[in-house]
Each structure stands twice: as structure tokens, then as C-alpha cells.
Amino acid sequence: MGPQLPSDSHYMQLPREVLIGKQVAPLVGETLTRLRIRGRALIVTGPKVKNIAADIVLDSLNDYGFSTEISVVEGSTTEQVMMVENKINAFKPDIIVGVGGGKDIDVAKLSSMHTSKQFLSVPTAASHDGIASPLVSMKGMDRPYSYVAHSPVAIIADTSIIGKSPYRLIASGCGDVVAKYTAVRDWKLAHRIKNEYYGDYAAELAIMSSRLVMKNSSSIRMVSESGVRTLVEALISCGVAMSIAGTSRPCSGAEHLFSHYLTMTAPKPALHGEQCGVGTIMCAYLHGANWELIKEVLHKIGAPTTSTELGIEPKYVLEALIKAHTIRPERYTILGESGLTKEAAQRVATITGVVT
Ligand SMILES: [Zn+2]
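Residues numbered from 1 in each chain as written. Predicted model: local features only at pLDDT ≥ 70, side-chain atom pairs only at ≥ 80, totals over all residues. Heavy atoms only, no water.

Enquirer: Explain the pattern of salt bridges to me, and be specific about the residues and the numbers.
Expert: Counted under the stated rule, the structure contains 11 salt bridges. Two residues, Arg 34 and Glu 17, come together in a salt bridge whose shortest N-O distance is 2.6 Å. On the criterion of sequence distance, the pair formed by Arg 34 in helix H1 (residues 28–34) and Glu 17 in strand S1 (residues 17–21) is long-range, its members being 17 residues apart. Classification of Arg 34 by relative accessible area gives partly exposed; the value is 44%. Here Glu 17 falls in the buried class, since its relative accessible area comes to 17%. One salt bridge in this structure joins Glu 274 and Arg 168, with 2.8 Å as the shortest N-O distance. Here Glu 274, found in helix H12 (residues 272–286), pairs with Arg 168, found in helix H6 (residues 167–178); they are 106 residues apart in sequence, far enough to count as distant. On the basis of relative accessible area, Glu 274 is assigned to the buried category, the value being 7%. The class of Arg 168 is partly exposed, set by a relative accessible area of 46%. (Salt bridge = Lys/Arg side-chain N within 4 Å of Asp/Glu carboxyl O. Helix = DSSP H or I, 4+ residues; strand = E, 2+ residues; numbered from the N terminus. Buried < 20%, exposed > 50% of the residue type's maximum accessible area, 1.4 Å probe, protein only.)

Right under this line is the structure:
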């Protein structure tokens, strides 16, 4: 959604302030004031979050003289986005503050973009990289994957709140970061085969995030302050990598297509990042890369590494491997243009132990 630029130039939209650490949520009011944003603030949050983090943010905004209203959303559907947009049109806020998990942040991001408002992100979970990315993925849209929205003006990630979220969400966030291991390989492949734009800087940033999460898997597993911080920094860096690239390419390859496909087809899909992690194991195998390392790291983190652990029957996993390339044909990946054959899918899933 950047300005009209000459074709050889490159547009990046980045957050202006990022705060990560214990007890930073009460600094929302102060941060906005420093950014010279004042007046009215609309908090967009989920029903579960409302009384915990949202109250802290509300107090902080009130302390700094904001008049505030709260929109409670349930899920990230187009209806919820329209509901918030109506609220924005009536309340005319100067800033939208998204407080909650990925879905709540997505609604804040998209409704603020549609109404040309700035938004600030206060993630309460670290389950995927949407908390800081300029992209958004919505249910009820014609495409299941993300498209470019806009970057938050600031991100305030309180590790004391995120550390108390269910561990499953943290493990899922790790899966989404580890996924960059194959996403960047797919991006390079598309560059070589399709002459697609490739940016070293964005690619390295995404790869570095995945490396750091792998290296710090034990401290993440212990949910130590430094472990949670590493994960949150990695997710935010991934968001920045997408902002720099102007596309989700550095963060989303075949392992994401696999995850999106499962989300669309499995009767009970697992979490986005959990599915991405399992997809990364198999895509790393297809790339001839170190899939054993990916599997070991995910296992150590306590993230799923098999279809059983995902709670998804093997037939859905195999079908996703065979058909994932069809949901986004313009995104060239290791799955190729015609996808894996049934036999190849069976082989990769069996060799990597995802399906037994
Ligand atoms: Zn993802």
C-alpha cells in the first residue's frame, strides 16, 4: 500500500518504536504521546484479553489524557473488521490500539488500514509473526493467505504478559520462526528459476531470526525471560524483514502453503505455527537441507513434529503436500508447478517420520 514509485525503487514501511521487556504494557500512553499522537484511542481486543492486558493499556491511555473506547472482537472475520470500521467511523479515533493475540491484532491492522488510521500493536501472545508484520491474513477473504496491509506505528511487547500465555502458543511461534529456514530457500529458488525479486538483507534477517530461536530453544522451553524475549525479537524481526522486502517472501514458503492448506481442509487444524513447523521438516528434506536439525529443535521446544502430534490424520497431511502448490500458484517453491506426486509425498512424510 506504499506510494506510487518508479519501478526500480523500493518502498519500506517500518514501525517507529519497538518496546520489548517486562512491564512495558503500561507505557502505551507515554509512547503515543512521545510520537505526538494524542486525543482519542480505540482499543481493539479479544474477549479473553479484555480484562487483563487491555485494562493495563486502558489505564495507561487514560493517564495520558486519551479518551478511550473498546471494541471486543471474536475472531478475524470480515464481519468483525467491518464492525470495528463502523466503530472507527463513529468514534473517530486518532489511534487504533490492537491488544491481544494474532487475530485481534489482524483486525486492528486491517480496520485501521481501511480507515487510514495509524495503529499500535500490543501482542499478548507470541504465536506467529503477524504481531509485527505489515501483512494480514483473514478468514472469509477470497484468498487464504496474507496480503500487504500496513505496519504498526509502534509495537509494545510485554514479555511478562506474553510469558504467561499458554505454552502451546509460544511453541507455535517458534514453529513460525523456524519456518524461515525453508521460506528463504524457496525465495532463493524462485529468484533463480523465475527471476523473482530477492533481497539479501530481508532474507538474512529472516534466517538470523530462525537461527537465534533454534540456538535458544532450551531457554524458550523454560519460558525464561530471555527465552521469551528471543522469540518476541525474532517474530518482530520477521515482521521487519517482510516490511523491508515488501512481500511475505522471506517468511513464507512451501511450509506455509502446507500450513494454509491444512487450515483450509483438516477437520481440526492445529495452530498456524505448529503446522508450519512440521511443514518445515518436510520442505527441508525436499531442499536437501538439514531436516533432522529442524525436527530435533522443534522436539526440544515441545512443538509438534508428526501428524499425530498435530492431531491431524495422515491423509490430510499427504493431501496438503500434494496440493499445497495450488492455493498460491504464483508463489514458486520447492513443491514446483505441478506439486509432489502421491508417491513423493508419501516418501517425504515417511522418511522424516511425520507420518508413520
Ligand atoms: Zn507464518
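Enquirer: Explain the environment of Val 228 to me, and be specific about the residues and the numbers.
Expert: Structurally, Val 228 is set in helix H10 (residues 225–245). For Val 228, a relative accessible area of 5% corresponds to the buried category. Along the backbone, Val 228 and Arg 347 are 119 residues apart, and their C-alpha atoms lie at a distance of 36 Å. For Val 228, the residues in contact, after removing those within four places along its chain, are Thr 159, Ile 162, Gly 163 and Val 223. (Contact = heavy atoms within 4.5 Å.)

Enquirer: So what about the coordination of the zinc ion? Which residues, and what values?
Expert: For the zinc ion, the protein coordination sphere consists of Asp 176 (OD), His 256 (NE2) and His 272 (NE2), at 2.1 Å. In primary-sequence terms, the residues that donate to the zinc ion follow D-x79-H-x15-H. Separated by 16 residues along the polypeptide, His 256 in helix H11 (residues 254–265) and His 272 in helix H12 bring together distant segments of the chain. (Donors = N, O, S within 2.8 Å, 3.2 Å for Na, K, Ca; no water.)

Enquirer: Explain unusual backbone geometry residue by residue, including any values.
Expert: Phi angles above zero are rare outside glycine, and Arg 36 is one such case at about 60°. Position of Arg 36 relative to the elements: it lies in the loop between H1 and strand S2 (40–45).

Enquirer: Give me the nonpolar core: which residues, what numbers.
Expert: In terms of nonpolar packing, the biggest core is built from 56 residues, with Val 213, Leu 231, Phe 258, Met 282, Ile 294, Ile 312 and Leu 321 touching the most fellow members. In terms of residue count, the dominant contributor to this core is H10 (6 residues). What Phe 258 contacts, discounting residues up to four positions off in sequence, is Gln 275, Val 278, Gly 279, Met 282, Val 317, Ala 320, Leu 321 and Ala 324. (Core = buried A, V, L, I, M, F, W, Y, C linked by side-chain atoms within 4.5 Å.)

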